[in-house]
Amino acid sequence: MEKILLNDLLHIDEDLVRIKFNNYNGTDDPLDVYKVAPEQINDVWFLWYKGRRYFRNIDKLAICLVSLGGDLWLLTTIKRIKKFLPNVKDGVGYEADEIEAYKKYYGRIIVKYHRSSRTVVTFFDKVKEELEVVEILNSQYIGDEFPGYDNVRLSYDQLANVINRHSGGWFGALNNQKAVYLITDRNNGKLYVGSATANNGMLWSRWSAYVANGHGGNKELVAIVNDVSKGFDYVKKNFQYTILENFNSKVDDRYILQREAWWKKVLCSKEFGYNDN
């Protein structure tokens, strides 16, 4: 079967385009950084300057890849270098603009490339025939590793990625877990407090419903999805999912519901949010 190359998707025909391979720097793994704070990779790691300019031409494209281990790399951003920042000795050394046309690919394209040397940056023309696309994720990569119940903060796309890929670490953590969770509308600050119990299929099942239809059967959220001026796309763009409290499967459902009611009062989600009871 014929390979699909990265440039079959990007269609870059400019000269002097450079590509940077970000991997372990002796202290941090860039993939761990990316999963928590993508901007640290795209704005800091990618554009760092310490005595050597990896990008030497103004108004040229620069491509950022992050190591997934072995020969696999994740495309995280593509920027146009606009300016060399003066008087930088150990810090971000460039002003650069992200290319909006490629935004749909950021964090989603995984390529295979065997780097035979320790070269960090090279010309795209030199390697573009070797950059094979092996997977396109349905949403931005967040990894299979579950970060712990206290550190869950997912956009709709990230949650869909976890559910649809059936990410092993996440499935194991959520499938048999009861919880009180929070949905935040980042557009207007309104909150929805919900619960996952044995009666509604535990947290994995409960959140799978939100991925499927955006509302999970909740009255106020159904109204948003059915609103022609908002719809499911509004949910996908603005909703964020977090865990307030988690409980093992043996905890009585009545206690979970008590905690849900407590959080509704604390967060005033009935008066000012999306809870209607």
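Residues numbered from 1 in each chain as written. Predicted model: local features only at pLDDT ≥ 70, side-chain atom pairs only at ≥ 80, totals over all residues. Heavy atoms only, no water.

## A word on the overall build of the protein
Counting its regular elements, the protein contains ten helices and 13 strands. Across its three principal axes, the protein shows a C-alpha extent of roughly 60 × 40 × 35 Å. Every one of the 277 residues in the protein was classed for burial, and the buried ones make up 46%. Across the protein, every contact between residues at least 6 apart in sequence was considered, and the portion connecting residues at least 24 apart equals 66%. Of the roughly 14,500 Å² of accessible surface on the protein, 47% is carried by carbon and sulfur atoms. In the protein, 38 side chains carry a positive charge and 36 a negative one; their mean positions are 3 Å apart. (Helix = DSSP H or I, 4+ residues; strand = E, 2+ residues; numbered from the N terminus. Buried < 20%, exposed > 50% of the residue type's maximum accessible area, 1.4 Å probe, protein only. Contact = heavy atoms within 4.5 Å. Areas by Shrake-Rupley, 256 points an atom, 1.4 Å probe, with all protein chains shown as cover. Lys, Arg positive; Asp, Glu negative; His and termini not counted. Charge placed at Lys NZ, Arg CZ, Asp CG, Glu CD.)

## Here's the deal with the pattern of salt bridges
Note on pairing: side chains with opposite charge can pair once their charged atoms come close. Per the stated rule, a full pass over the model turns up ten salt bridges. Of the charged contacts in the structure, one is a salt bridge between Asp-32 and Lys-35, with a shortest N-O distance of 3.7 Å. Here Lys-35 and Asp-32 lie together in helix H2 (residues 30–36), a separation of three residues that amounts to about one turn. A residue is classified by how much of its surface remains accessible, and Asp-32, at 46% relative accessible area, is partly exposed. (Salt bridge = Lys/Arg side-chain N within 4 Å of Asp/Glu carboxyl O.)

## Remarks on the sheet that holds strand E10 (residues 153–155)
The pairing of strands in a sheet happens through backbone hydrogen bonds and is either parallel or antiparallel. Ordered in space as E10-E13-E11-E12, the four strands form an open sheet in which the pairing is antiparallel. Each edge of the open sheet is held by one strand with a lone partner, namely E10 and strand E12 (191–196). Averaged over all pairs of adjacent strands, the angle between their axes in this sheet comes to 25°, without regard to strand direction. Judged from the six bridges that link them, strand E11 (residues 177–185) and E12 form a sheet pairing that is antiparallel. (Pairing = 2+ DSSP bridges. Axes fitted to C-alpha atoms, helices over the stretch in contact; angles between N-to-C directions.)

## A short note on empty space enclosed by the protein
This structure, assessed with the given rule, holds one cavity of 30 Å³ or more. Taken as a whole, the largest cavity holds about 50 Å³ of empty space. If you trace the largest cavity, you find it lined by Leu-16, Arg-18, Phe-55, Arg-56, Asn-57, Lys-60, Leu-61, Ala-62 and Ile-81. When the residues that make up the lining of the largest cavity are grouped by side-chain class, the tally is five nonpolar, one polar and three charged. (1 Å grid on protein atoms, 1.4 Å probe; cavity = no way out; pocket = protein on both sides within 12 Å on 5 of 7 lines; lining within 4 Å. Points joined across faces, edges and corners; volume = space filled by probe spheres on them. Nonpolar A, V, L, I, M, F, W, Y, C, P; charged D, E, K, R; others polar.)

## Remarks on the packing of aromatic side chains
Under the counting rule described, the total for this entry stands at 16 aromatic pairs. Aromatic ring contacts, followed pair by pair, group Phe-46, Phe-55, Phe-84 and Tyr-94 into a single cluster. One Lys or Arg, Arg-53, reaches over the ring of Tyr-49 and ends 4.4 Å from the middle of that ring. Seen from the ring of Tyr-94, Arg-53 lies directly overhead, with NZ or CZ sitting 5.1 Å from the centre. (Phe/Tyr/Trp six-rings, centres within 6.5 Å; stacked < 30°, edge-to-face > 60°. Lys NZ or Arg CZ within 6 Å of the ring centre and 35° of its normal.)

## A word on the side chain of Glu-245
With respect to the helices, strands and loops of the structure, Glu-245 is situated in strand E13 (residues 239–248). Reaching out from Glu-245, the side chain makes a polar contact with the side chain of Trp-263 at a distance of 2.6 Å. (Polar contact = N/O pair within 3.5 Å; in protein donor to acceptor, adjacent residues only side chain to side chain.)

## Regarding unusual backbone geometry
The phi dihedral of His-11 falls on the positive side, at around 55°, and the residue is not glycine. The topology assignment puts His-11 in the loop between helix H1 (6–10) and strand E1 (18–22). Its relative accessible area of 59% is what places His-11 among the exposed residues. Even without glycine at this site, Met-202 takes up a positive phi of about 70°. Counting through the fold element by element, Met-202 comes out in helix H7 (residues 202–213).

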